[in-house]
Amino acid sequence: MSAGRGAEKALPAHTRQANRSLILRTLFHNDPMSRADLARATDLTRVSVSRIVDDLSAEGLVHESGPSPEGRVGKPSTLIALNPDSYHVVALDLSAHAEITGAIMNLDGDIVHSVSVPTDGARGAAVLVKVCALASALVKRSTVRVLGVGVGSPGVVGTDGVVREAVAFDWHDVDVAAAVAAVVPVPVHVANDANAAALAARTYGQPGVDNLALVRIGQGIGSGVIVGGVLVTGARFTAGEIGHVLVDEGGEVCRCGRRGCLEVVAAVPYIRQHLADAETSSDDVLAEAGRALGRVLAPVVAALGLEQVVLSGPLDIVAGVFLDETRAAIEHHSLAIVTDDFEIRVAVRGEDIVLLGGTALVIAEQLGIR
Ligand SMILES: [Zn+2]
């Protein structure tokens, strides 16, 4: 359940594991590939590649997908591809307050089966009971062996799978990973929902983007930040908690008790309320929200050298004026060289992004694919 260890002596078993992960990761992003292509892309010897591919093939993780296209001299080489249905993953999205959603996912992030369970206002241990029951039912239902369970939870989540605090469920130091692991026979990984979504944007989004922030515009505002390909958690696992950054001294009172937080300008319930009030045009409401978000993100983009910000939220809110004004504000508050190649876009499959995140979490931890 740890997110990564420090430098360890490269014992043979570790080297084998690292090389296996390297092959899987390379195939995940580039397959189908011949053994020779794999050797070139990974700097491993042909002999090592063949041995690892044979092992992966015996496990069913990869299969041969037929010869490469004609046109080359000599014997056509066989292409190797990852088998997305060699394992399935059970992913849980706990980020909507009214319901929890679970899904059986394949390694490509396709939903095989999904189900939502109403929380019926449950709090504390009662929510955990529902979470465990859903995880167990989905693992049992899967007709393909399950690689692991990945959970995206609201709140502050440690790398040990303990939810330090989730106000929505009245959870304080709740060991969600251990509770779920007690009812399923597979590894369990838990992350904050926005952090899981950031992993999804990295693993299932545009390939090769190693420095990005994923911002979730929902009941609140949270973000997950990836720098150098690694998720930033911060000393207290609160990295990315931008929702309560002050943007307006005299603004509305926020649920945290203070005034003028980013959330009271740009979170979904407030935007919907402001749109309903209709004293200003809807474009003005969305533009103001986008500008506030952009002002908060500008120093983050500049300090961390981010290449990309990905927005996830209701499309009628985040796509269009909101996104344009967020981009304009980031550019306005930054040096041109910071934002020259910078890109901001709406998440692909935003409504499934926490389920994709749970899947990304499991394949990263269990297979080294990221
Ligand atoms: Zn606040």
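As the structure is a computational prediction, the values presented were derived from the model and not from experiment. (Residues numbered from 1 in each chain as written. Predicted model: local features only at pLDDT ≥ 70, side-chain atom pairs only at ≥ 80, totals over all residues.)

1. Considering the overall build of the protein chain
Within the protein chain one finds 13 helices and 16 strands. Against the 2.2 N^0.38 benchmark of 21 Å for 370 residues, the protein chain shows a C-alpha radius of gyration of 22 Å, consistent with a compact globule. Expressed along its principal axes, the backbone C-alpha trace of the protein chain runs to roughly 70 × 50 × 40 Å. Sorting the 370 residues of the protein chain into buried and exposed places 42% on the buried side. Long-range contacts, defined here as pairs at least 24 residues apart, represent 61% of the contacts in the protein chain between residues at least 6 apart. (Helix = DSSP H or I, 4+ residues; strand = E, 2+ residues; numbered from the N terminus. Rg over C-alpha atoms; globule rule 2.2 N^0.38 Å. Buried ≥ 20, exposed ≤ 12 C-beta atoms within 10 Å, placed from the backbone. Contact = placed C-beta atoms within 7 Å.)

2. Considerations on the packing of helix H9 (residues 282-304) against helix H11 (residues 321-332)
Remark: H9 packs on H11, axes separated minimally by 7 Å, with the N-to-C direction vectors making an angle of 40°. For the pair H9 and H11, the crossing hand works out as right-handed. Together, Asp 283, Leu 286, Ala 287, Ala 289, Gly 290, Arg 291, Leu 293, Gly 294, Arg 295, Leu 297, Ala 298 and Val 301 of H9 and Val 321, Phe 322, Leu 323, Asp 324, Glu 325, Thr 326, Arg 327, Ala 328, Ala 329 and Ile 330 of H11 make up the contact between the two elements. (Axes fitted to C-alpha atoms, helices over the stretch in contact; angles between N-to-C directions. Left-handed = near helix turned anticlockwise from the far one by under 90°.)

3. Observations concerning the pairing of strand E15 (residues 308-312)
Within E15, 5 of the 5 residues are buried, which leaves the element mostly enclosed by the surrounding structure. Burial along E15 is two-sided: the face carrying Gln 308, Val 310 and Ser 312 and the face carrying Val 309 and Leu 311 are both buried. Sheet analysis places strand E12 (residues 212-217) next to E15, joined by 5 bridges and oriented parallel. Bridging from a neighbouring strand, Val 215 pairs with Leu 311 of E15. (Pairing = 2+ DSSP bridges.)

4. Concerning the nonpolar core
By size, the foremost hydrophobic cluster in this structure holds 108 residues, and its most contacted members are Leu 214, Leu 262, Ala 266 and Val 309. When residues in this core are grouped by element, the largest group, 10 residues, is from helix H13 (residues 353-367). Discounting residues that sit within four places of it in the chain, Ala 266 has contacts with Ile 217, Ile 221, Ile 271, Ala 289, Ala 292 and Leu 293. (Core = buried A, V, L, I, M, F, W, Y, C linked by C-beta atoms within 7 Å.)

5. Quick look at the sheet that holds strand E11 (residues 188-192)
Read across the open sheet, the 5 strands follow the order E6-E5-E4-E7-E11; overall the sheet is mixed. The open sheet terminates on both sides in strands that have one partner only, identified here as strand E6 (111-118) and E11. Within the sheet, the average angular offset between the axes of one strand and its neighbour, ignoring direction, is 15°. The pairing of strand E4 (residues 88-93) with strand E5 (residues 99-106) spans 6 bridges and is antiparallel. What sits directly across from Leu 92, in E5, is Gly 102.

6. A look at the domain arrangement of the protein chain
Domain boundaries in the protein chain define domain 1 (12-82), domain 2 (88-198 + 353-367) and domain 3 (206-347). Between the C-alpha centres of domain 1 and domain 3 there is a distance of 40 Å. (Domains from an automatic or database assignment.)

7. Quick look at helix H1 (residues 12-30)
Relative to the 27 Å expected for 19 residues at 1.5 Å per residue, H1 spans 27 Å between its end C-alpha atoms, a close match to the ideal helical length. All of the buried residues along H1 are Ile 23, Leu 24, Leu 27 and Phe 28. The buried residues of H1 occupy one face: seen down the axis, they fall within an arc of 135°. Looking at H1, the residues exposed on the side facing more than 90 degrees away from the buried face are His 14, Thr 15 and Ala 18. (Expected span 1.5 Å × (residues − 1). Arc of directions from axis to C-beta.)

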